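As a plain string of letters, each chain reads:
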Amino acid sequence: MRNLTCAVALSATLACAFAANAASPKPKMATDIPPEITTPDKVETRIGTLKFFDGMPDKETVAKTYDNLDFLRGVEVFLNSMPGASLYAMREGLRGVGVDNQTVAVFETLADSKSLFLTPNTETVYLFGWIDLKDGPIVVETPPNILAFVDDFWFRHVTDMGNAGPDKGKGGKFLFLPPGYAGPVPEGYFVARSTTFGNWLFARGFLVNGDPKPAVESFKKSWRQYPLPKAANPPETKFVNVSGKAFNTIHANNFRYYEEIAHLVQEEPKEAIDPETLGLLAAIGIEKGKPFAPDARMKAILTDAAAVGNATARSILFANRDKDFYLYPNSYWETGFLGGSHEFLKNGARYLDARTRFMYYATGITPAMAAKMVGAGSQYAVTFRDSKGDYLDGGKNYSLRIPPNPPVKNFWSLVLYDGQTRSELQTDMQFPSIGSQKQDLKVNADGSVDLYFGPKAPAGKASNWVQTMPDKSWSTILRLYGPLDPWFDKTWKPGDLELVN
């Protein structure tokens, strides 16, 4: 019986083989097909099982792959259009406090934690403006001894003004021309052409013996903005004091993010960005001249993409896997600006993670930030972790030693930032910061300084303490104003944050 069963099975197998050969004879032109260029009938992937008939995807596979494609493009838009989203939120926040072509915002008593900005400092006087070129060229007159620049709506550098600008810190008249401008260009101006109509204007004035008033007075005396046709009789420039005002300039981390980008695309010429980026935006429904109106399926996918994009940006920022960001061996201090290029170029290629990291944490693009300028400008070191590599926890106590002879011509400071907002950490202190300009700062006999961070000040250390909040993560930036050679050659380095029991 066993032999009979085997014989029957063998006969059936041979019959099937003969039938198959009879049905599918080998073509005369057949060659050996490399297996790597074919697709199996079933493939197991991270998005599930994908099925094919001789390479043709079935209905369920098509649905899965298009859902995945839309999701991937949504994540890419989140990560790679962040410069535009950041400045859209900046523009909206500034509009909310009254900024326009002839009105600028000034932090007359410095920037405290009530205003939501990405990693501002608390030691210089900020002036922020928004230049709208849709009605034609705009003139900006600047005072001496400032650091200032203008970035276009996609956060690309347009020009520097002040100490790093063509006026060489003496002050001057700058003429901003809109995209495609072909009209007359009068003499007597530093001329800058922008690829976008909307442009963010950033300026910093400096304290005098700890007093912001001289910088504020200099801005109000000399800063002017007006349309070029009114240059002979300029209208008044208005100044809004925004110190202590609560308003937001930080982009969304949810579906609203895509709506912010859609608004920007509608406002600016298509030529302002490259066709590749335009195609990526169009793939998720963001096109100039068309409403952004995703259906329920696409909105659900983009909502998920924003969540993953946001998580990815936070991982790139707070847990970057590129060790080149670290400034020193066996230390958790990181550089604020990697690569020496304000365009985020590395060996001729765009360093995408470096751009995402910077844009998620900071604002302002200028070549001066990436340049080595001994004794001028500023340099930055960032840390999110203590000496053991753990995230900084507002419920714990830490100490930090600033070694003797900090390499600065002017001063140094540390400002604390909220892990959620990346803005100044909101505590009971108006300014969550400390630095060498603090009048009651205690300095050790050897010139070093011990700093303390935690919910409560250690006994006798209040002058060297910055408050943190339980259940809040935080980070800090060490700024060196007028950095000297020991900073650049790394013969001087700050201590790491040490957990104090």
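As a reminder, the structure under discussion sits directly above these lines.
A. Structural view of the nonpolar core. One finds Trp200, Tyr258 and Ile286 to be the most contacted residues of the largest nonpolar core, which totals 70 residues. Ranked by residue count, the leading element in this core is helix α7 (residues 296–318), at 8 residues. For tyrosine 258, the residues in contact, after removing those within four places along its chain, are Gly74, Val75, Val77, Phe78, Ile284, Ile286, Phe292, Leu302, Ala305 and Ala306.

B. Spatial organisation of the pattern of salt bridges. Counted according to the given criterion, the structure contains 16 salt bridges. A salt bridge links lysine 220 to glutamate 108; the shortest N-O distance between them is 2.8 Å. Taken as a pair, lysine 220 in helix α4 (residues 213–222) and glutamate 108 in the loop between β4 (103–106) and β5 (124–132) lie far apart in primary sequence, 112 residues in all. Taking the relative accessible area as the measure of exposure, glutamate 108 reaches 18% and is therefore buried. Linked through salt bridges whose partners overlap, the residues forming this network are Arg91, Glu92, Arg95, Lys134 and Glu267.

C. Spatial organisation of the sheet that holds β4. A sheet is described by the order of its strands in space; here 6 strands give the open sequence β8-β7-β11-β5-β4-β13, paired in mixed fashion. Among the strands making up the open sheet, the edge pair consists of β8 (157–162) and β13 (238–241). In this sheet, neighbouring strand axes are inclined to one another by 20 degrees on average, regardless of whether the strands run parallel or antiparallel. Pairing of β5 with strand β11 (residues 198–206) involves 9 bridges; the strand directions are antiparallel. Note that in β11 the partner of valine 125 across the bridge is glycine 205. With respect to the sheet, helix α3 (residues 82–96) is in contact with β4, β5, β7 (147–152) and β11, its orientation differing from that of β5 by roughly 100 degrees. Where α4 meets the sheet, it contacts β4, β5, β11 and β13, and its direction lies at approximately 135 degrees from that of β11.

D. Representation of the packing of α3 against helix α5 (residues 256–267) in the model. Where α3 contacts α5, the two axes come as close as 9 Å, and the packing angle between them is 85 degrees. Our classification of the angle between α3 and α5 gives roughly perpendicular. Residues Met82, Gly84, Ala85, Tyr88 and Arg91 of α3 touch α5, and the partners they reach there are Arg256, Tyr257, Glu260, Ile261, His263, Leu264 and Glu267. Class assignment for the residues of the contact of α3 with α5 results in 6 nonpolar, 2 polar and 4 charged.

E. Seen up close, the sheet that holds strand β23 (residues 474–483). Pairing in this open sheet of 5 strands is antiparallel, and the strands run β14-β17-β23-β19-β20 from one edge to the other. Across the chains shown, the open sheet's two edge strands, defined by having one partner strand only, are β14 (334–335) and β20 (433–435). As paired elements, strand β19 (residues 408–418) and β20 share 3 bridges and run antiparallel to each other. Opposite leucine 414, over in β20, you have isoleucine 434 as the bridge partner. Against the sheet, helix α8 (residues 352–361) touches β14, β17 (378–383), β19 and β23, its axis set at about 95 degrees to β23.

What counts and what doesn't
Residues numbered from 1 in each chain as written. Predicted model: local features only at pLDDT ≥ 70, side-chain atom pairs only at ≥ 80, totals over all residues. Heavy atoms only, no water. Core = buried A, V, L, I, M, F, W, Y, C linked by side-chain atoms within 4.5 Å. Buried < 20%, exposed > 50% of the residue type's maximum accessible area, 1.4 Å probe, protein only. Helix = DSSP H or I, 4+ residues; strand = E, 2+ residues; numbered from the N terminus. Contact = heavy atoms within 4.5 Å. Salt bridge = Lys/Arg side-chain N within 4 Å of Asp/Glu carboxyl O. Pairing = 2+ DSSP bridges. Axes fitted to C-alpha atoms, helices over the stretch in contact; angles between N-to-C directions. Parallel < 35°, antiparallel > 145°, perpendicular 65-115°, else oblique. Nonpolar A, V, L, I, M, F, W, Y, C, P; charged D, E, K, R; others polar.

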